[in-house]
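Spelled out, the chains give:
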Amino acid sequence: MPALETDLTSEREHLAASRAALHRMRQRAEALFSTGENVAGDSYTAEMLGRTLSRRVAELADDPTTPLFFGRLTFPEVDYHIGRRHVTDDLGEPMVLDWRAPVSRSFYRASVRDPQGVATRRRFGFSAGVLTSFEDEHLDRGEELGTASRILTAEIERPRVGPMRDIVATIQPEQDELVRAELETSICVQGAPGTGKTAVGLHRAAYLLYLHRERLRRSGVLIVGPNRAFLSYIAAVLPALGEVEVAQATVEDLVTAAFVRQEFGERGRTITVRGSDTPAVAGLKHDVRMAEVLRRAVAAHIREPEESITVSDGSFRWRIGTEVLRRVVDEARRERLPYGIGRERVRARVVSLLQRQAEARRGESPNDAWLRRMGKAAPVTGFLDAAWPALTPDGLVHHLFSDPDALATAAGDLLTAAEQELLIWAKPPRTAKAAKWSAADAVLIDEAAGLIERVASFGHVVVDEAQDLSPMQCRAIARRSVHGSITLLGDLAQGTAPWAATDWRESLAHLGKPDAAVVPLTIGFRVPAAVVAFANRLLPALAVDVPPAESLRRDGALDLRTVDDLDSATVTEVRAALAYEGSVAVIAADVAVDRLAGALAGAGIATSTADDVEATERVTVVPASLVKGLEYDHVIVVEPAQIVAAEPRGLHRLYVVLTRAVSRLAVLHHDPLPDPLGPVIATR
Ligand SMILES: Nc1ncnc2c1ncn2[C@@H]1O[C@H](COP(=O)(O)OP(=O)(O)OP(=O)(O)O)[C@@H](O)[C@H]1O
């Protein structure tokens, strides 16, 4: 047998043996899981043990279609297979090393210039779970393939179907550096479309969980994405890497009731978004000045005590003078605690003053029941309600938007009279509960909640498509990462929100991480070079300063077509696309989506929607407003001018739309293409 085949045979044997070993590891975990239920003493221990073990069982799941290892490092003395998780034999000897282990780092980073002790790096090629080839780089002999690797190229150019996949086998050095940054390090990644920002963020989460498992399990890791379609697109990546316990949410989930961390003592606040704002009002509510308005509105509730209080416990009467009460309130105010906690602090101080008087009189300490009774006594509560009244977050915002005087007091020099008028409700709802809150209101209520209550902090937060966050949304995330670090991912050129960021430094300041490094990613893995060049014609019109990307892909096709009938042209184009392998998307202005889906249905072509990642239809019709972060092999963009006209930052939206194609992009238009794409610029 030729050496190559002998090698391939022995690698296949190692794969089969590793699979069998993983199977035994899982069987052992399952056996422990079922006995664990019987042996654990109390129900709490049983539940904790059960959770740990069932998580372990889930982590050890083997997916026969994903290779258990994808690489091998040969050092002069030892060699290791590198894969998605540790696999050990019955004696505990490693058969496959987790890609996150310190040794595995060399798989991604070793080069001829810096071989890190590696003699040979081997990459494996798989087809439907079967090991079919490998490629060696003898670093010790000065051989290095880099991005010329066939296996890497095949992985990058593979047709896309279904949800996003992990990239552990082919993480590139500049990506690996970000993935393996220290837990304490917050970073901001500015990357052009398809440079792997989302992939980096997800792999960083998996890496940090591996390295700081216990700490992060306690505090939690959170992934924030722009919408549900995007979250369901990325949802499978972390479980495939064995990480089954990462929270994923949109910012709206965070600030409404959808996301309450009861285990951290957070109170459930149900804000259902039922209303909407005009663009001007929404813009104002997302303005960072609102944070100071709310802070002042909360602080304005604290009043200097005017009277002394006298409390009776049935046997004696105790008095606390005005001056003393003033001091108590003043001290609590200076502690800068959340308002609601400050109120309880004041109550506790008053009770302890009463307690001291009682001790002096009786010579013994009153019991807990006495202390509780005093805390609730009418004069104490009455004093609190006057000097430090109870506040709820939605109650505060309701009050502010219903009462022009209250708003004027808080907004003072911060908002103009016209701006204040924009915020005041024409017909104030009677109660906070009856209010039809908008999405922007929910962010303000969350800000108020942060002033009133404690918010639990995550150990690490990954924020994707961060260029679209408003200052107030950044603050909502900042509250949840005060004690943790963040990975901020985005592209200023893709900012479509009215408040989209133009400078990462500002976003980072609002996020409470002003010193985080801004790191560019510039190698594109999704969009073919010809398509990148076409989309880049828009860049000068987008008024952002971002480094241009370079595509790794030399394949792909771009086709621009003027057509008479958009619907029938779309049907023809979709039919042509279906002749190729992979996914097909028709992307159009939101208002055109139903019409186009109807035309396709009329032609007998079934379509799915973007949020249905399990769909079996190969064709998806996607509104331009929902396509951010997604990708399809063959993209058909219908009437760019309509996409641009639909919103103020329409050109940015078009840039997002044009950069979704993995292989082929067809642009169908009836109206002229928007200026920057037109022939004038094209021929310059
Ligand atoms: N090192 C890599 N090896 C193979 N594929 C990669 C690599 N890095 C990224 N990709 C692939 O490139 C595509 C784009 O990646 P990703 O979605 O993370 O980019 P992005 O920068 O977040 O894009 P966008 O700005 O459009 O949101 C994905 O299919 C991803 O799997």
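Residues numbered from 1 in each chain as written. Predicted model: local features only at pLDDT ≥ 70, side-chain atom pairs only at ≥ 80, totals over all residues.

### Side note on the overall build of the protein
Within the protein one finds 28 helices and 22 strands. Seen through its principal axes, the protein has C-alpha atoms that stretch 100 × 70 × 50 Å. Scored against the burial criterion, the 684 residues of the protein give a buried share of 42%. The contacts in the protein between residues at least 6 apart in sequence include a share of 73% that link residues at least 24 apart. (Helix = DSSP H or I, 4+ residues; strand = E, 2+ residues; numbered from the N terminus. Buried ≥ 20, exposed ≤ 12 C-beta atoms within 10 Å, placed from the backbone. Contact = placed C-beta atoms within 7 Å.)

### A closer look at the site of the ligand
Among the 22 residues in the neighbourhood of the ligand, the closest are listed as Thr-170, Gly-196, Lys-197, Thr-198 and Phe-525. Broken down by secondary-structure element, the contributors of at least two residues to the shell around the ligand are α4 (150-157) and α6 (197-211). The element contributing the most residues to the shell around the ligand is α6, with three residues. Considering only residue class, the shell around the ligand consists of six nonpolar, eleven polar and five charged. Of the domains in this structure, domain 2 (179-271 + 461-524) and domain 4 (544-677) are the two that each give at least three residues to the shell around the ligand. (Near = placed C-beta within 6 Å. Nonpolar A, V, L, I, M, F, W, Y, C, P; charged D, E, K, R; others polar. Domains from an automatic or database assignment.)

### Remarks on the sheet that holds strand β5 (residues 120-127)
One key point about sheets: their strands pair by backbone hydrogen bonds, in either a parallel or an antiparallel sense. Judged by pairing direction, the sheet is mixed, and its six strands sit side by side in the order β3-β4-β2-β1-β5-β6 without closing on themselves. Each having just a single partner strand, β3 (87-88) and β6 (130-138) make up the two edges of the open sheet. (Pairing = 2+ DSSP bridges.)

### Considerations on the sheet that holds strand β9 (residues 247-249)
Pairing in this open sheet of six strands is parallel, and the strands run β9-β8-β12-β13-β7-β14 from one edge to the other. Both outer strands of the open sheet, β9 and β14 (517-521), are each paired with one neighbouring strand and no more. Recorded for the sheet is a direction-independent mean angle of 15° between the axes of neighbouring strands. One ladder, built from four bridges, connects strand β7 (residues 187-191) with strand β13 (residues 485-490); its direction is parallel. Looking at the pairing, Val-189 lines up with Leu-489 of β13. (Axes fitted to C-alpha atoms, helices over the stretch in contact; angles between N-to-C directions.)

### Here we look at the UniProt feature "binding site: ATP" (unreviewed entry) in the protein
Residues given the UniProt feature "binding site: ATP" (unreviewed entry) here are Gly-191, Ala-192, Pro-193, Gly-194, Thr-195, Gly-196, Lys-197 and Thr-198. By the element assignment, Thr-195 lies in the loop between β7 and α6. Judged by the 28 C-beta atoms lying within 10 Å of it, Thr-195 is buried. Filtering out sequence-adjacent residues up to four positions away, Thr-195 remains in contact with Leu-521, Thr-522, Ile-523, Gly-524, Phe-525 and Ala-549. Turning to its location among the elements, Gly-196 is positioned in the loop between β7 and α6. What makes Gly-196 buried here is the crowd of 25 C-beta atoms within 10 Å. Setting aside residues up to four positions removed in sequence, Gly-196 forms contacts with Ile-167, Gln-175, Leu-521 and Phe-525. (UniProt positions renumbered as here; feature names shortened; annotations may be inferred.)

### Overview of the pairing of strand β22 (residues 661-669)
With nine of its nine residues buried, β22 lies for the most part within the structure. Pairing of strand β17 (residues 557-562) with β22, which is carried by six bridges, proceeds in the parallel orientation. Opposite Ala-557, over in β22, you have Arg-664 as the bridge partner.

### Re the nonpolar core
Ranked by size, the top nonpolar core spans 160 residues in total, and within it Ala-205, Val-586, Ile-587 and Leu-596 carry the most contacts. The residues touching Val-586, leaving out its near neighbours within four places in the chain, are Thr-570, Val-574, Leu-596, Val-619, Val-621, Ile-636 and Val-638. With 19 residues, the next largest nonpolar core counts Val-346, Val-350, Phe-383 and Leu-384 among its residues. (Core = buried A, V, L, I, M, F, W, Y, C linked by C-beta atoms within 7 Å.)

### Let's talk about unusual backbone geometry
The phi dihedral of Arg-336 is positive, around 55°, even though this residue is not glycine. Take Arg-336: it is sitting in the loop between α13 (322-334) and α14 (339-362). Of note in this structure, Ala-543 is not a glycine but carries a positive phi near 55°. Looking at the element boundaries, Ala-543 is found in the loop between α23 (529-536) and β16 (550-551). With 11 C-beta atoms counted inside 10 Å, the residue Ala-543 sits in the exposed group.

### Section: the environment of Ala-358
Relative to the assigned elements, Ala-358 resides in helix α14. In sequence terms Ala-358 and Trp-318 are 40 residues apart; their C-alpha atoms lie 7.9 Å from each other. Ignoring anything within four residues of it in the chain, the contact list for Ala-358 reads Trp-318 and Pro-366.

### Considering the packing of helix α24 (residues 566-578) against helix α25 (residues 593-602)
One can describe the packing of α24 onto α25 by two numbers: an axis separation of 9 Å at closest approach and a directional angle of 60°. In terms of orientation, α24 and α25 fall into the oblique class. Both α24 and α25 take part in a crossing whose hand is right-handed. Each of Asp-567, Thr-570, Val-571 and Val-574 in α24 lies in contact with α25, whose residues at this interface are Arg-595, Leu-596, Ala-599 and Leu-600. (Parallel < 35°, antiparallel > 145°, perpendicular 65-115°, else oblique. Left-handed = near helix turned anticlockwise from the far one by under 90°.)

### Structural notes on helix α18 (residues 404-411)
Residues spaced three or four apart along an α-helix point in a common direction, a consequence of the helix completing one turn every 3.6 residues. Buried within α18 we find Leu-407, Ala-410 and Ala-411. The buried residues of α18 occupy an angular sector of 90° when the element is viewed end-on, so they sit on one face. Lining the buried residues of α18 we find α12 (289-299), α17 (393-402) and α19 (417-423). Just downstream of α18, Gly-412 is the residue with a positive phi angle, here 35°. (Arc of directions from axis to C-beta.)

### Regarding the environment of Glu-465
Summarising the element assignment, Glu-465 is placed in the loop between β12 (460-463) and α21 (471-479). C-alpha separation for the pair Glu-465 and Ala-418, spaced 47 residues apart in sequence, amounts to 33 Å. Those residues within four positions of Glu-465 in sequence are excluded, and the remaining contacts are Gly-225, Pro-226, Gly-490, Lys-628 and Gly-629.

### Brief notes about the packing of α12 against α18
If you want to describe how two helices pack, look at the angle between their axes and the distance between the axes. Running from N to C, α12 and α18 point in directions that differ by 110°, and their axes come no closer than 8 Å. Accordingly, the angle class assigned to the pair α12 and α18 is roughly perpendicular. In this structure, the crossing between α12 and α18 has a hand that is right-handed. Within the contact between the two elements, α12 uses Val-293, Arg-296 and Ala-297 and α18 uses Ala-406, Ala-410 and Ala-411. Split into classes, the residues belonging to the contact of α12 with α18 amount to five nonpolar, no polar and one charged.

### A word on the confidence of the model for the protein
Across the protein, the average pLDDT comes to 89, with 92% of residues at 70 or higher. Taken as a whole, residues 680-684 scores under 50 in pLDDT and shows three contacts with residues more than four places along the chain or in a different chain. At the level of chain-chain contacts, confidence expressed as ipTM amounts to 0.99, with global pTM at 0.89. (pLDDT = per-residue confidence, 0-100.)

### A closer look at the environment of Asp-464
Position of Asp-464 among the secondary structure elements: in the loop between β12 and α21. By C-beta crowding, Asp-464 is classed as buried, having 25 other C-beta atoms within 10 Å. Once the C-alpha coordinates of Asp-464 and Gly-629 are considered, the two residues, 165 residues apart in sequence, prove to be 8.8 Å apart. Among all residues touching Asp-464, those that are not within four sequence positions of it are Thr-198, Gly-201, Val-224, Gly-225, Leu-489 and Gly-629.

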